[in-house]
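Residue strings, one per chain:
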Amino acid sequence: MNCQFSGKLSYAILKVCFVTLYFHFCAVAVAQTSIDVQPNSVKVVNGELTIENATKTVQGYLYNMGNGLTQFKEITGLENAANLISGGVFFVSKKYAGTAKATINGLTVASISSTEASYTQQLQAAKMGSLLSSYPDPFSARNAALEQISQGVIQSATIVVVDNQQWYVGSNNSEQNGNYAGTSTTGGIADIQFSQANGFSPVASLAHNKINYYFGVNAGLYYINSTYPIFAVYAVDGSDQSFESKIQGRGFFKQYFGEAQGMQGGGKTSSRFFKVDNAKAIVTLEADELWLQQWRNFEIFSYKTIFLGARKIIMADADLIAFESNARNGDGSPSNFSANFSEIQFSNNMYPIGDHPTDYWYLVSTYPGPDVNNNTGSSSARTKTINLNFGDVFLNNYGEGTLFYFGSENPSVYIVNTTINCNVKNLHVANINTLGLGSGLIYFGNGTTGLVSNTSWNFNIDNYIGNDKLLGDVNLTNNASSQNNQITINLKKAIRRPVVETAAGGTNCMFYVHGGYSGSSIIVKLNADYAKDMIGNPFDIGETHNKYIISGTYLSAGTQEVLQFIPGVTNFDNVFLKDCTLISKTGIQAIGNPSTSCNLKASNLTLSWGYPSTITFFGQTQPTVITDLSIFNP
């Protein structure tokens, strides 16, 4: 066997080479070992090759340091080498000159055409498993892999995109592409080109059944289409055939243009990026960095397993993740969705390219909902788990439900057997006007007449600093058959800071305890280790059909009470203050005066500076009243 190393190969390529060497040399000896030394190679038969050097204790691959000097280096990364070479390997690196100008019209190599001769020459010479005869782009490698799989040559394929390889993806009409600088919406010539029909189809999709990718460092795709969408992942199959595809590594995907530049139909049909609607689909997308324009970038319908991961996402506007429906059962096993994003910048003025509007809406939405099937109101029986794990999140808020929105275009949405967990490490919010004051970062605004049962929403936020309400209305369902539903919000530290208000409207608080339907109630649990409102009062409490359980420590640093009653409301029976401490500014009672005498349920309640005589507490004889507030000013 000949294996020569020259220069510094990428991490993924070295894994392939090393594992090939490993399986060649480390076969179990079943016959006498022989060594054959030839002028340009050494052959070991039925034996093991032992290399003892200064790095012999390192478990990993053999790396060429230059001039044939080698050392062992540790294997790290998302995939071990055995998985990386589980099928055919197709290497991708640009060897052609200039712009590829490759139009992809289908899923075969023959469907690719280009006017660039050097691109065509590289594509014709490309071979599976050869780094020297690599494919000129990921899509041509994908087509070649699909052909090899269909012919039974291989069972699956891994496409390895070498470090620092980049392509511009767009329309086959340059007048429907923007330029490379993002300053004009016309005149851009794409390396990889799709017609409008193919952009919204599997032809443009990297993800295909049995096709996996590993993008090297700084390898990726720039999307310069400015008129119609071109999907990076499009896995749509109403017949729910088996589908599994992974896109991993340290690459990037960056959209240049969106609604602000007048893409066809506005944001609702323009800059979408990822769509899965196959109840058996298993899809992974991991990247180092994503630039995503507005409106439903990740459209989630029926699926089995979806995993998303990124170190950094810069999002221009609305609906980063939209759960549209999950109504088909697939193979009947539970469906699992997971998104792990270390940093999210959700703001048009942070977007690196182009000019953008000033409307900021939902980061995550269930709209119309995870179980609606067209307009039939049917639901899938499979259990559904959604895990959203976000690190540092920077939001600008202009609208409602900027972190999480529940709403419905369909009045009969069904949501059953669903658990949604949203974990945020650091949440930073700037409200650019007062439109969102009555809405809240977490907002269940438009309820449904459909069945909502055995469903929970769990929000765990380590640190919040911003000027917007955290929780708005909770209007879930008025279907009397709904049951076993709960919303839980856990805060470690939350501070609502001052903002200059430019218009009237909404209620100025941190938590809006109000709403619900008489037909069905939901349990809402609020718990804060430390929540401080420097603008108004932490709580506005009105009449609600939901059952609120409030625990933890809440402070008002302004001139208002911690808990304020909405005027005209007299029934607060569904609010329970449990193991709760309410602290207001010196001399101000923690609880404000209700419009009329009322009852308030409490257990282990501590208040600053007393409470109105018009309130009768039941559940305990009376709260503990304190006046030394020094320990509540960390």
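Residues numbered from 1 in each chain as written. Predicted model: local features only at pLDDT ≥ 70, side-chain atom pairs only at ≥ 80, totals over all residues. Heavy atoms only, no water.

If you had to explain the overall build of the protein to someone new, which residues and values would you point to?
Along its length, the protein carries 5 helices and 38 strands. When each of the 634 residues of the protein is scored for burial, the buried share is 56%. Sequence separation of 24 or more characterises 75% of the internal contacts of the protein that already satisfy a separation of 6 or more. Total accessible area on the protein stands at roughly 24700 Å², and carbon and sulfur atoms take up 48% of it. (Helix = DSSP H or I, 4+ residues; strand = E, 2+ residues; numbered from the N terminus. Buried < 20%, exposed > 50% of the residue type's maximum accessible area, 1.4 Å probe, protein only. Contact = heavy atoms within 4.5 Å. Areas by Shrake-Rupley, 256 points an atom, 1.4 Å probe, with all protein chains shown as cover.)

Quick rundown of the pattern of salt bridges? Include the residues and the values.
Counting across every chain of the model gives 11 salt bridges. Salt-bridge contacts for Arg296 lead to Glu324; the nearest nitrogen and oxygen are separated by 2.8 Å. Residue Arg296 is located in the loop between strand E17 (281-292) and strand E18 (298-300), and its partner Glu324 is located in the loop between strand E20 (321-323) and strand E21 (335-346); the two are separated by 28 residues in the primary sequence. Side by side, Arg296 and Glu324 carry an identical accessibility label, which is buried. (Salt bridge = Lys/Arg side-chain N within 4 Å of Asp/Glu carboxyl O.)

Lay out helix H3 (residues 117-125) with the relevant residues and their values.
What H3 keeps buried is the set Ser118, Tyr119, Gln122 and Leu123. For H3, the angular spread of buried residues about the axis comes to 135 degrees, placing them on one side. Away from its buried face by more than 90 degrees, H3 exposes Gln121 and Gln124. Tucked inside the fold, the buried residues of H3 contact strand E6 (102-104), strand E7 (112-114) and helix H4 (138-150). (Arc of directions from axis to C-beta.)

A description of H4 should follow, citing residues and the corresponding values.
In this model H4 runs 18 Å from its N-terminal to its C-terminal C-alpha over 13 residues, within 8% of the 18 Å that 1.5 Å per residue would give. Counting buried positions along H4 gives 10 out of 13 residues, so the element sits mostly inside the fold. Where H4 is concerned, the buried positions are Pro138, Phe139, Ser140, Ala141, Arg142, Asn143, Ala144, Ala145, Leu146 and Ile149. Its side-chain oxygen placed 2.8 Å from the backbone nitrogen of Phe139, Asp137 serves as the N-cap of H4. (Expected span 1.5 Å × (residues − 1). Polar contact = N/O pair within 3.5 Å; in protein donor to acceptor, adjacent residues only side chain to side chain.)

Describe the packing of aromatic side chains, naming the residues involved and giving the relevant values.
Summed over the entire model, instances satisfying the criterion amount to 34 aromatic pairs. Pairing Tyr362 with Tyr405 gives two aromatic rings, centres 4.2 Å apart and planes at 15 degrees, and the pair type is stacked. Here Tyr362 is found in the loop between E21 and strand E22 (364-366), whereas its partner Tyr405 is found in strand E24 (residues 404-406), with 43 residues between them in sequence. Residue Tyr362 shares its accessibility class with Tyr405, and that shared class is buried. (Phe/Tyr/Trp six-rings, centres within 6.5 Å; stacked < 30°, edge-to-face > 60°.)

I'd like a rundown of the environment of Lys469, residues and numbers included.
Residue placement: Lys469 occurs in the loop between strand E27 (452-466) and strand E28 (471-474). Here Lys469 falls in the buried class, since its relative accessible area comes to 0%.

Quick one: what's the story with unusual backbone geometry, residue by residue and with numbers?
One non-glycine residue with positive phi stands out, namely Asn164, at about 65 degrees. Assessed through its relative accessible area of 48%, Asn164 is described here as partly exposed. We note that Asn484 has phi near 60 degrees; this positive angle belongs to a residue other than glycine. Secondary-structure assignment places Asn484 in strand E29 (residues 483-496). A residue is classified by how much of its surface remains accessible, and Asn484, at 55% relative accessible area, is exposed.

An account of the side chain of Glu286 is requested, with residue identities and associated values reported.
The residue Glu286 is located in strand E17 in this model. Of the side chains with opposite charge, Lys246 lies nearest to the buried Glu286, which makes no salt bridge, at 8.5 Å. (Lys, Arg positive; Asp, Glu negative; His and termini not counted.)

Any chance you could break down the pairing of strand E16 (residues 274-277) for me, citing the residues and the numbers?
The side chains of a regular strand alternate, residue by residue, between the two faces of the sheet. Neither face of E16 is left uncovered, since the one carrying Phe274 and Val276 and the one carrying Lys275 and Asp277 both have all their residues buried. Where strand E13 (residues 233-236) meets E16, 4 bridges bridge the pair, whose relative direction is parallel. Paired with Tyr234 across the two strands is Lys275, which belongs to E16. (Pairing = 2+ DSSP bridges.)

Which residues make up the environment of Ile104, and what values go with them?
The topology assignment puts Ile104 in strand E6. The buried category is assigned to Ile104, whose relative accessible area is 0%. The contacts of Ile104, once residues within four sequence positions are left out, are Ser111, Ile112, Phe139, Arg142, Asn143, Ile192, Gln193, Phe194, Asn198 and Val203.

Go over the side chain of Ser195 with me, naming the residues and quoting the values.
Residue position: Ser195 is located in the loop between strand E10 (192-194) and helix H5 (196-199). On the basis of relative accessibility, which here comes to 19%, the residue Ser195 falls in the buried class. When near neighbours in sequence (up to four residues on either side) are disregarded, Ser195 contacts Asn172 and Tyr228.

Any functional reading would require information beyond the geometric quantities listed.
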